[in-house]
Amino acid sequence: MTYIICYDISEQKIRTKVAKYLESVAHRLQCSVFTCDGSEAQMYFIKQNLLRLTSRAEAPLLFIAPMCATCAAKIWRIGNPMDRKYDYIIA
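Going along each chain's sequence as written, the residues are numbered from 1 onward. Totals for whole chains, interfaces and linings use every residue, but because this is a predicted model, local features are given only for residues with pLDDT of at least 70 and side-chain atom pairs only at 80 or more, for both listing and counting. Values reported for side chains reflect all heavy atoms of the structure, with hydrogen atoms and water molecules removed beforehand.

Regarding the overall build of the protein
Next, step 1: Numbered from the N terminus, helices here are DSSP runs of H or I no shorter than four residues, and strands are runs of E no shorter than two. Secondary structure summary: the protein contains three helices and four strands in total.
Next, step 2: Reading the secondary structure of the protein in the N-to-C direction produces β-α-β-β-α-β-α.
Next, step 3: Classification of residues uses two cut-offs on accessible area relative to the type maximum, computed with a 1.4 Å probe and protein chains only: under 20% is buried, over 50% is exposed, and between them is partly exposed. When the 91 residues of the protein are sorted by exposure, 30% land in the buried category.
Next, step 4: Contact criterion: two residues are considered in contact whenever any of their non-hydrogen atoms come within 4.5 Å of each other. Restricting to contacts in the protein with at least 6 residues of sequence separation, those with at least 24 account for 72%.
Next, step 5: Here the open area of atoms and residues is found with the Shrake-Rupley method and a 1.4 Å probe, where only the protein chains shown may cover a residue. By element, 57% of the accessible surface of the protein is carried by carbon and sulfur atoms, the whole surface being about 6,900 Å².

Here you go:
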């Protein structure tokens with residue numbers, strides 16, 4: 001199943017840890033929006049890690065939404081998801 005994962009975390013250090021973790025298990029679409037294909041068991045593990053990473057955050061917002069194959073096929077998007085090669089600017 002496909003899952004959409006979003007977050008809103010005000011603390012920079014915690015937000016960075018969450019982003020790096022999600023980059024290792026999901027595909028980044030936007031700054032704080034990811035998509036992940038996996039089982040319920042895998043998503044449970046991801047949820048537990050997100051809760052652990054955000055345990056010291058003042059008011060974290062975590063959002064995970066499952067999408068069936070039919071719904072995932074109906075997603076409308078314009079533009080390309082973020083690509084790791086554009087995450088950094090070296091001058």
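What about a positive patch on the surface?
Next, step 1: Patch members must show over 30% relative accessible area and no salt bridge, and they are joined within 9 Å when carrying like charges or within 5 Å when they are nonpolar side chains of Val, Leu, Ile, Met, Phe, Trp or Tyr. One speaks of a salt bridge when a side-chain nitrogen belonging to Lys or Arg is within 4 Å of a carboxyl oxygen belonging to Asp or Glu. Charged residues are defined here as Lys and Arg on the positive side and Asp and Glu on the negative side; His and the ends of the chain fall outside this count. To locate a charge, take atom NZ for lysine, CZ for arginine, CG for aspartate or CD for glutamate. Positive charge collects at one region of the surface, where Lys13, Lys17, Arg52 and Arg56 lie side by side.
Next, step 2: Note on lysine 13: relative accessible area 62%, which makes it exposed.

Re the pairing of strand S2 (residues 27–30)
The side chains of a regular strand alternate, first on one face of the sheet and then on the other.
Next, step 1: Think of it this way: DSSP has to see at least two bridges between two strands before they count as a pair. Where S2 and strand S3 (residues 33–37) come together, three bridges link them in antiparallel fashion. Along S3, the bridge assignment pairs histidine 27 with threonine 35.
Next, step 2: Between the end of S2 and the start of S3, which pair antiparallel, lie two residues.

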